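Listed below, chain by chain, are the residues.
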Amino acid sequence: MTSTHANETRIEADPQLPTIRIVREFDAPPERVYRAWIEPELVSQWLGPKDIEMKIDVWDARTGGSYRYSALSEGKVVASFYGSFHELRPSSRLVQTFTYEGVPDGVQLETVLFEPIGAGRTRLSTLSLLDTVEARDAFIASGMERGVVEGFEQLDDLLATG
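These numbers were taken from a predicted model, which means no experiment stands behind them. (Residues numbered from 1 in each chain as written. Predicted model: local features only at pLDDT ≥ 70, side-chain atom pairs only at ≥ 80, totals over all residues. Heavy atoms only, no water.)

Draft legend 1. A look at the packing of helix H1 (residues 30-38) against helix H3 (residues 133-160). Relative orientation of the contacting elements H1 and H3 amounts to 120 degrees, with a least axis distance of 11 Å. Of the possible angle classes, the one that applies to H1 and H3 is oblique. Helix-helix and strand crossings are classified by hand; for H1 and H3 the assignment is right-handed. Here Arg 32, Val 33, Ala 36 and Trp 37 of H1 lie close against H3, whose contacting residues are Phe 152, Leu 155, Leu 158, Leu 159 and Ala 160. When grouped by side-chain class, the residues that make up the contact of H1 with H3 number eight nonpolar, no polar and one charged. (Axes fitted to C-alpha atoms, helices over the stretch in contact; angles between N-to-C directions. Helix = DSSP H or I, 4+ residues; strand = E, 2+ residues; numbered from the N terminus. Parallel < 35°, antiparallel > 145°, perpendicular 65-115°, else oblique. Left-handed = near helix turned anticlockwise from the far one by under 90°. Contact = heavy atoms within 4.5 Å. Nonpolar A, V, L, I, M, F, W, Y, C, P; charged D, E, K, R; others polar.)

Draft legend 2. Geometry of the pattern of salt bridges. Scanning the model with the defined rule gives 17 salt bridges in all. For Arg 146, the salt bridge is made with Asp 51, and the minimal N-O distance between the two is 2.6 Å. In this pair, Arg 146 sits in helix H3 while Asp 51 sits in the loop between helix H2 (40-46) and strand S3 (53-59), placing the two residues 95 residues apart along the sequence. Arg 123 is the salt-bridge partner of Glu 115, the closest N and O atoms lying 3.3 Å from each other. In this structure, a network of salt bridges that share partners links the residues Glu 25, Asp 27, Glu 115, Arg 121 and Arg 123. (Salt bridge = Lys/Arg side-chain N within 4 Å of Asp/Glu carboxyl O.)

Draft legend 3. Focus on the packing of aromatic side chains. For the structure on display, the rule yields 14 aromatic pairs. Here Phe 26 and Phe 152 contribute two aromatic rings whose centre-to-centre distance is 5.4 Å and whose plane-to-plane angle is 85 degrees, an arrangement assigned as edge-to-face. In this pair, Phe 26 sits in strand S2 (residues 19-26) while Phe 152 sits in helix H3, placing the two residues 126 residues apart along the sequence. Their ring planes at 20 degrees and their centres at 5.9 Å tell us that Tyr 67 and Tyr 69 sit as a pair that is stacked. Note on accessibility: Tyr 67 and Tyr 69 belong to one class, buried. For the cation-ring pair, Arg 24 lies above Phe 26, with the distance from its terminal atom to the ring centre recorded as 4.8 Å. (Phe/Tyr/Trp six-rings, centres within 6.5 Å; stacked < 30°, edge-to-face > 60°. Buried < 20%, exposed > 50% of the residue type's maximum accessible area, 1.4 Å probe, protein only. Lys NZ or Arg CZ within 6 Å of the ring centre and 35° of its normal.)

Draft legend 4. Structural context of H3. In H3, a bend of some 65 degrees at Gly 143 exceeds every other bend along the element. Of the residues flanking the end of H3, it is Gly 162, one or two places downstream, whose phi is positive at about 100 degrees. (Bend = angle between axes of the 7 residues up to and from the residue.)

Draft legend 5. Molecular detail of the pairing of strand S8 (residues 122-129). For S2 and S8, the ladder comprises eight bridges, and the chain directions are antiparallel. Bridge pairing in S8 links Arg 24 to Leu 124. Note that strand S7 (residues 108-116) and S8 share eight bridges and pair antiparallel. Of the residues in S8, the one forming a bridge with Phe 114 is Leu 124. In this antiparallel pair of consecutive strands, S7 and S8, the connection spans five residues, and Gly 118 shows a positive phi of 90 degrees. (Pairing = 2+ DSSP bridges.)

Rendered as structure tokens:
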């Protein structure tokens, strides 16, 4: 799926592996993109679909820290997510778990890379590993693509404001 913004979001599912790879370029240096991923007041401004408000309940962005947030629609919680930060390397790498509270046995391991690509730009690559191909397919069918694409468009807007 291609966003209406200048940068395309690529979401790929390997047919043989329970993985999802997301690649997106941003018109900001890795330091700024990374900061938008780890500071809760910034994360809540861009994460998820445009019509959903993100409420951060816990956000301890450090190696060994944890997080929990809820998605709200018209003031009501429609989904909640939590995980642990396993490794944070400033402006280059983040490794975390991701769990949707509705499927507590479906823990994903996510690795996010922030790669400088010149002219103050960043290539963001995420690789999510799920337990099974079926779990991966269910996650994709849940509407995650819309949330990723619209969230990245909102991140574009946030990064453009400085």
